[in-house]
Every structure is written in structure tokens, then in C-alpha cells.
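Observations on chain architecture
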Amino acid sequence: MKTKNIIICMLCSQVLTLLGFASYAVTLNTLQQEWHLSNFQSGFIASIFFFGYIGFVSCATVLTDRLDARKIYLVGVFIEFIGLIGLATMTNGFYSALFFMFLNGAGVAGAYMPGLKIITDRVKTGELTRYISFYTASFGIGVGFSYLLSGFILKLLNWHYVYGVIAVGPLLAGAIVYFLIEPLRDKKWQGKLNLHWRDIFPIARWKLVLENKDASTYIWGYVVHSLELFASRSWLVAFFLICAANSDQSFLLSGTESASLINFFGVPASILGNEIAIRIGRKKWIYTAMILSTIFGILLAMSIGQAWWLVMIFAVLHTLFIMADSATLTAGLVTSTSDQLKGAAMGLHSMMGFGGGLLGPSIFGFVLDVSGGQQQPVAWVFAYVSIVIWGCIFVAYHVRRKIIA
């Protein structure tokens with residue numbers, strides 16, 4: 001199968017598996033009112049998605065070192081489908097939402113990194129880091145469409161239909177991979193699926209990965225990146241609603257439409273960021289992007305009550321610089337790890353990164369609660385500071401270590 005066709009198939013599948021990613025962010029305010037949730041509880045439901053992701057991602061990616069990642073991918077999209085259908089039909093409060101959101105996260109774990117492994121196992125020509133940047137950038141396309149489609153369905157029907165209709169996405173993704181991506185024929189990939197606890201927690205292999213200083217830097221950078229990114233995505237619609245309520249000017253787009261537009265800006269940012277990193281150096285670009293992301297995140301939080309165009313400028317700039325190092329972090333990890341450890345390294349990278357994603361929305365919601373609640377503009381400033389400050393700490397630590405060394 002030609003490289004171009006493989007990339008197109010996996011990009012389309014990636015978008016389909018992510019159509020449910022922002023559904024909770026879109027329905028957060030509705031569910032918060034219907035189920036009488038605190039900001040912390042609302043944030044924790046968003047965080048449990050990442051807990052499910054972490055619970056499955058290591059097993060899924062380590063198995064791709066000895067099984068065709070295509071098999072793991074198909075299991076993942078089926079689990080994701082069950083999670084979304086459960087949210088649509090069997091969820092009636094905080095605890096049931098936790099269970100099915102956990103399944104949703106586990107399903108995405110079985111699709112995201114194994115999807116990347118499908119590409120790296122089959123594509124042996126061209127600039128691999130560019131293909132990786134396209135794949136990671138398509139995450140933003142999927143999330144953007146998720147905001148848009150979820151908001152459209154919620155406006156026409158209700159939150160149950162949001163999850164029910166979008167559950168078709170992972171099924172279509174599975175069909176694309178099953179029918180259009182050919183299985184690997186080499187005997188290396190024909191083993192049986194024998195699970196062992198060491199497959200889920202390959203501690204010895206992780207230790208080898210972390211002993212590689214370059215790989216370790218990219219992994220911890222991804223933790224910081226994901227904490228800020230997923231906290232921002234989880235609360236962005238609610239933030240725009242507060243901005244609209246506190247402004248004396250009408251907003252041109254709804255909160256959901258604004259969030260969708262913002263996420264589309266992240267797509268070229270990720271691709272172009274990787275191109276800049278190739279030219280000036282990956283670590284230098286990562287440090288620059290994290291500092292600028294911190295600055296624009298705080299300016300965004302301080303823009304409540306201002307005109308729509310100013311809020312959108314800061315939101316776009318914040319998203320641009322959050323996403324500017326996304327592909328660079330993943331490409332750096334992949335290229336700095338030996339072929340024998342790639343699956344384990346990608347699993348650890350994804351698990352720890354999404355561990356940051358688990359913490360981010362809950363930290364944001366907790367700080368909102370203790371700072372006065374959603375109706376207080378100053379609470380949003382403290383909440384944004386609580387998620388952007390980690391990038392500054394990461395940069396300061398590595399620059400200081402380099403100076404001392």
C-alpha cells in the first residue's frame with residue numbers, strides 16, 4: 001500500500017475517533033446544572049477520561065512491539081464506541097458518567113498511539129517526523145470537529161443525542177482500518193495476544209527509556225504540555241460563556257463555535273512548529289513555545305469583560321503556542337529511541353502525557369472553586385495560572401541544569 005494512502009486513511013480515522021473528545025466540554029454546563037455538580041466534580045469527570053486512557057495505553061502500545069498495531073486499534077475503537085453509547089443511554093449522574101467516560105478514554109488510548117504505530121510500522125520512506133507531525137496535528141482537527149458537531153447536536157436535540165450520534169465515529173474509523181489498511185504479513189507480527197502484568201507495566205523497559213536523557217526530556221515536556229492543553233480544552237467553552245456574560249458587547253460566535261474555531265488554529269501550529277524545530281533545534285523551540293504559551297494563557301484569563309475580538313486574539317495565540325511544541329515533543333521521543341524500545345517508549349510517553357491531562361481539568365476546577373467560583377473573573381485568572389505555570393517550571397529546570405552542567 002502506498003505511503004500516501006496509508007497516511008490519508010490514518011488521518012481520517014484519527015479524526016473520527018476524536019469526534020467525542022470535546023463532547024463533554026460542550027455539555028459540561030448542561031450536565032453541571034442537571035446533576036448539580038461542583039466545579040471540581042465537573043473537572044473530575046473530564047479528568048477520568050485520561051485515567052481510562054492511562055489505564056489502557058501502556059498495555060496497548062507495548063503490545064504493538066510484537067503484534068500488528070492494527071489489531072490493537074480495532075479493539076480500541078470498539079471500547080470507545082461502548083463508552084460513548086453508555087454515556088448516551090445509561091448515564092444519569094456523577095458516578096455513571098465516571099464509568100463510561102473511563103471506557104471512552106481507554107478506547108481512545110487503544111486508537112491514538114497504536115494508530116501512530118500503524119504508520120511507523122508501514123512507512124519506511126520520506127521524512128518520518130513530518131508524517132508524525134501530520135498525525136499529531138490531525139488530533140486538533142478531530143477536536144475542532146468534535147466541538148462543532150457536539151454543539152450542533154446539542155442545539156438541535158439534547159445531550160443524550162450528542163454522545164449517541166458521535167458514537168458512530170469510532171465505528172467508521174474501525175471500518176477504514178479494517179478494510180483499507182492491510183495486515184502486516186511478516187511472521188514477527190503473527191503472535192497470539194498473551195497478556196502478562198509486565199505487558200501493562202513494563203518497568204524494566206520504561207527504565208531503559210528514561211535512562212535516555214533526550215527521551216526523558218521529551219516525555220516530561222509532554223506531561224507539562226498535556227496538563228495545560230487538556231485543562232484548557234475542557235474549560236474553554238465555559239470560559240467563553242463567562243466572557244460573553246461579562247461583556248457589554250455581543251459575541252459573534254457561540255462558546256462552542258469559538259472553541260471549535262480555536263482548535264482548528266492548533267493544526268497548522270503543530271505542523272509548522274515541527275518545521276521550525278527541525279531548523280533551530282527541538283529543545284530550543286519547545287522552551288520558546290512554553291514561555292509564550294504561559295504569557296498568552298494569563299492574558300487570555302485577564303481578558304474577561306473585554307471585546308470579543310480581543311478575547312479571540314488571546315485565545316488563538318494561547319492555542320497556537322500550546323500546540324506549537326506538540327508534534328516536536330512526540331517526534332523527538334520517537335527519533336531519540338531505539339527501534340526495540342519504540343513501543344514501550346511511545347506507551348510511556350503517552351501514559352505520562354495524558355497523566356498530565358488527567359490532572360489538568362481537576363486542578364483547573366479545584367482552583368475555580370477555592371478562588372470564588374465561575375462567576376468571579378479573578379478566579380479564572382488563578383485557574384489559568386495553575387495550569388500554565390508548569391511550562392515555566394519545566395523550562396527553568398532544564399535551562400538551569402544545562403547552565404550548571
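Residues numbered from 1 in each chain as written. Predicted model: local features only at pLDDT ≥ 70, side-chain atom pairs only at ≥ 80, totals over all residues. Heavy atoms only, no water.

Each helix and strand in the protein was counted, giving 17 helices and zero strands. Projected onto its principal axes, the C-alpha coordinates of the protein cover approximately 65 × 55 × 35 Å. Taking all 405 residues of the protein together, 61% fall into the buried category. Approximately 16,600 Å² of the protein is accessible, and the part contributed by carbon and sulfur atoms is 68%. Of the side-chain charges in the protein, 27 are positive and 18 negative, and the distance between the mean point of each set is 9 Å. (Helix = DSSP H or I, 4+ residues; strand = E, 2+ residues; numbered from the N terminus. Buried < 20%, exposed > 50% of the residue type's maximum accessible area, 1.4 Å probe, protein only. Areas by Shrake-Rupley, 256 points an atom, 1.4 Å probe, with all protein chains shown as cover. Lys, Arg positive; Asp, Glu negative; His and termini not counted. Charge placed at Lys NZ, Arg CZ, Asp CG, Glu CD.)

The end-to-end C-alpha separation of helix 5 (residues 94-122) is 42 Å, in line with the 42 Å expected for 29 residues at 1.5 Å each. At Pro114, helix 5 shows its strongest bend, of approximately 25°. Within helix 5, 26 of the 29 residues are buried, which leaves it mostly tucked inside the rest of the structure. (Expected span 1.5 Å × (residues − 1). Bend = angle between axes of the 7 residues up to and from the residue.)

What describes two packed helices is the angle between their axes and the distance between those same axes. The N-to-C vectors of helix 2 (residues 23-35) and helix 11 (residues 213-245) enclose an angle of 50°; their axes lie 7 Å apart at closest approach. Between helix 2 and helix 11, the angle is such that the two are oblique. As for how helix 2 packs across helix 11, the hand of that crossing is right-handed. Facing helix 2, whose interface residues are Ala25, Leu28 and Asn29, helix 11 presents Arg233, Ser234, Trp235, Val237, Ala238 and Leu241. By residue class, the composition of the contact of helix 2 with helix 11 is six nonpolar, two polar and one charged. (Axes fitted to C-alpha atoms, helices over the stretch in contact; angles between N-to-C directions. Parallel < 35°, antiparallel > 145°, perpendicular 65-115°, else oblique. Left-handed = near helix turned anticlockwise from the far one by under 90°. Contact = heavy atoms within 4.5 Å. Nonpolar A, V, L, I, M, F, W, Y, C, P; charged D, E, K, R; others polar.)

So, on to unusual backbone geometry. Non-glycine residue His36 carries a positive phi angle of around 55°. When you line up the elements, His36 lands in the loop between helix 2 and helix 3 (39-63). For His36, a relative accessible area of 70% corresponds to the exposed category.

A word on the side chain of Thr294. Looking at where Thr294 falls in the secondary structure, it is placed in helix 13 (residues 282-301). With a relative accessible area of 7%, Thr294 lands in the buried category. In this structure the side chain of Thr294 is engaged in a polar contact, spanning 3.0 Å, whose partner is the backbone oxygen of Met290. (Polar contact = N/O pair within 3.5 Å; in protein donor to acceptor, adjacent residues only side chain to side chain.)

Now for a nonpolar patch on the surface. The grouping of Leu149, Phe152, Leu156, Leu157, Tyr161 and Val165 at the surface amounts to a nonpolar patch, some 580 Å² of accessible area in total. Those elements that place two or more of their residues in the nonpolar patch are helix 6 (128-156) and helix 7 (159-166). The element best represented in the nonpolar patch is helix 6, accounting for three residues. With respect to the helices, strands and loops of the structure, Phe152 is situated in helix 6. (Patch = residues over 30% accessible without salt bridge, like charges linked within 9 Å, V, L, I, M, F, W, Y side chains within 5 Å. Salt bridge = Lys/Arg side-chain N within 4 Å of Asp/Glu carboxyl O.)

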